[in-house]
Every structure is written in structure tokens, then in C-alpha cells.
Amino acid sequence: MSEPSPLSRLIPFAVAALGVGCLSTMDAFMKEAALTTGTYTATILRSLIGAAIIAPFWLWQRTGWPKWATLKLHLERGIISAFMALTFFYALTKLPLAESIAISFIAPLIALYLARILLGEVIQPKAIFASLLGFAGTIVIISGKIGQDSFDNDAALGLASLLVSALLYSYNFIVIRRQSQMAGPVEIATFHSGVGGVVLLLGAPFLATPVATEAILPLVLAGVLTVCGAMAFAWAYARAEAQALVPIEYSGFLWASVLGWVFFREAVTIPTLAGTALIVTGCWLATRKGRERQPEPA
């Protein structure tokens, strides 16, 4: 079997980066919708809209109902994603977008080692260094931005909610890797949104709020971006190891910095730029393949 070309090796990383961009933009729309119509209502509608968009494509493929082993993974990830999204979007209503994304970067760091424990992946020194470098970038950002702010009760609740979401997200990486080996991107995206929406529906009698008209367009856009991001991740994780793709998540801060300013006029500071430089360096190291040593002629 011929060795894959450098371009073909980079494609999964490019697709994963595209997925990060879709989901980062979705976060901005969801923050706007959650502030307008409530976190729970916005979260459940995003899931249901996403399921309504992608389900017809899955039915059109006529692949049939997934086997029980695959269905269990769909259910597992759907349940995890439901609470992961709810806690994250709640945090977005309490904290700035860029800082929320930065703190959530502890998830890829945890996922790197979960991949070793649960998937048996051998952790390469390069992947460890890349993730630590990206995490160092988040520390620079947090110390420069959040450390200067006065935290009230709302901000403390947002931070606690964000940490819960990050823990769930780290396990979510592992489920994606296993899930992508057993199902296609369209099926994964369908069950990701559908299961999450059904799980959240259980709390509707107690938590639902009226839907604000101005939140409808952001929610539709968020639903579309959720589907696109889910499919991109499913495709990429089926073709590259979790530990190699995880540092790509750090590029989400680049999106968050721009979107935070465009949507909410959140300024980008020097510590933010310095931390972002570390994050981008970590992503580059993660995707850079070392040059193999050629045997010397006899």
C-alpha cells in the first residue's frame, strides 16, 4: 500500500478546523439567542432544528436503523452532548465569549489522556507538548483578561457551569472517535441533534420559556452550523487519531476573539494575542509530521 501524500494527511486536520469554525460561530449565535429567550429554550430548539435539518438526508441514504452497538454510542453521546451544551450555553450568558472558549480548552487536554486510557492510543511526545503549549496559551489569556475583572455571583456560576461542560466535553471527544468508526457523518449528526433534543425535552414542563421572535433567526443559523460542525468532526475523527486532532480545538479561540468583538464588542487585548500565538503554535506542531530518516546507501 502506497504511503499517503502530505496533502491527504492534512485533509482531516483541515476538516476538523472547519468544524471548529462552524461550532465557534454557532456559539456566538447561541449566546445571542440564550440572552434573548433563555438558555434552556435556546438549547433545546437548537437541537431540534438541527435534527430537522439533517434527518431527511439520513432517511434518504436508506442505511436503515443502526445496530445496537452503534445505537448505544449515539445515545451515549446524545445524552452527554445535551448537558454539555446546556451548561456551556448557560456559561456564555454569564461570561464573555472569548474567555469562555479559553477556559473550555482544558477539555482537549483531559481528552488527550482519556484517549490513552479508553482508546489505547499511544501518546506521542509531540502531541503532549502541543496540547501543553495550547493550554499555556489559555493560562496567559485567563490571567490577562479574567484576572483583572471583579467576579460576582453570576460570573462564579458561569465559571462553575463552564467547568462542568468542559469535563463532559473531554469525554465527548472519546465517544466521537469510537462513534466515527461505526457510523457515517450524516447518521452521527442526526442522532447527535435528535437524541440531545429528546433528552432536553424531558425538562420542558419545568424549564421552558416563551420563544422570543428575535431569537428565531440566530437559532436556525445555530442549528445549521451545529449539523455542519458535527459532520465535519465525524469525518475527521474517522481518519485521524483523537490525540492528533484535539489541539485543533485551540483554534476556536481565534474565532471567538473575532466573533466576540463583532457580536458583543468584546475587546481583544495583548494577553489575548499572546495566548493565541501559543495556541496556534500548538496546533501547528500537532499537524506537522516529522520527516522520516532515509536509510543510508550501502
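Everything below is about the structure printed above this text.
Enquirer: Would you take a moment to explain a nonpolar patch on the surface for this structure?
Expert: Together, Trp 68, Leu 75, Ile 79 and Phe 83 make up a nonpolar patch on the protein surface, roughly 400 Å² of accessible area in all. Inspection of the secondary structure puts Leu 75 in helix H3 (residues 68-92). Look at Leu 75 and you get partly exposed, because its relative accessible area is 33%.

Enquirer: Would you mind going over the pattern of salt bridges with me for this structure?
Expert: One side chain can pair with another of opposite charge once the charged atoms of both are near each other. Applying the stated rule across the entire model yields one salt bridge. Between Lys 94 and Asp 154 there is a salt bridge whose closest N-O contact spans 3.8 Å. Of the two residues, Lys 94 sits in the loop between H3 and helix H4 (97-103) while Asp 154 sits in helix H7 (residues 153-180), which places them 60 residues apart along the sequence.

Enquirer: What is the right way to read the environment of Met 26 from this model?
Expert: Residue position: Met 26 is located in helix H1 (residues 6-37). By relative accessible area, which is 4% here, Met 26 ends up buried. With 197 residues separating them along the chain, Met 26 and Gly 223 place their C-alpha atoms 7.8 Å apart. With residues near it in sequence (within four places) discarded, Met 26 still touches Arg 46, Phe 89, Ala 222, Leu 225 and Thr 226.

Enquirer: Looking at this model, I keep getting lost on the nonpolar core. Mind explaining?
Expert: Counting 52 residues, the largest nonpolar core has Met 26, Met 30, Phe 89 and Leu 245 as the members making the most contacts within it. Contributions of two or more residues to this core are made by H1, H3, H4, helix H5 (106-119), H7, helix H10 (216-237), helix H11 (242-245) and helix H12 (252-264). No other element matches the 12 residues that H1 contributes to this core. Counting residues in hydrophobic clusters, the runner-up holds nine residues, among them Ile 54, Ala 189, Val 195 and Ala 230.

Enquirer: Would you mind going over empty space enclosed by the protein with me for this structure?
Expert: Picture a little ball the size of a water molecule; that probe, rolled over the atoms, points out where space is still empty. Taken as a whole, this structure holds three cavities of 30 Å³ or more when the rule is applied. Put simply, the largest cavity is a space of about 470 Å³. In terms of lining residues, the largest cavity is bounded by 29 residues, among which Leu 23, Met 26, Asp 27, Met 84 and Tyr 169 are the most central. For the lining of the largest cavity, the elements supplying multiple residues, two or more each, are H1, H3, H7 and H10. Counting residues per element, the lining of the largest cavity draws most heavily on H7, which supplies seven residues. Class assignment of the residues belonging to the lining of the largest cavity gives a composition of 17 nonpolar, eight polar and four charged. Looking at the second largest cavity, its volume works out to about 50 Å³. Looking at the second largest cavity, it is lined by 11 residues, and the ones nearest its centre are Ala 98, Ser 257, Glu 266, Ala 267 and Val 268. Looking at the lining of the second largest cavity, the elements with two or more residues in it are H4 and H12. Among the elements that make up the lining of the second largest cavity, the one with the highest residue count is H12 (four residues).

Criteria and thresholds
Residues numbered from 1 in each chain as written. Predicted model: local features only at pLDDT ≥ 70, side-chain atom pairs only at ≥ 80, totals over all residues. Heavy atoms only, no water. Patch = residues over 30% accessible without salt bridge, like charges linked within 9 Å, V, L, I, M, F, W, Y side chains within 5 Å. Areas by Shrake-Rupley, 256 points an atom, 1.4 Å probe, with all protein chains shown as cover. Salt bridge = Lys/Arg side-chain N within 4 Å of Asp/Glu carboxyl O. Helix = DSSP H or I, 4+ residues; strand = E, 2+ residues; numbered from the N terminus. Buried < 20%, exposed > 50% of the residue type's maximum accessible area, 1.4 Å probe, protein only. Contact = heavy atoms within 4.5 Å. Core = buried A, V, L, I, M, F, W, Y, C linked by side-chain atoms within 4.5 Å. 1 Å grid on protein atoms, 1.4 Å probe; cavity = no way out; pocket = protein on both sides within 12 Å on 5 of 7 lines; lining within 4 Å. Points joined across faces, edges and corners; volume = space filled by probe spheres on them. Nonpolar A, V, L, I, M, F, W, Y, C, P; charged D, E, K, R; others polar.

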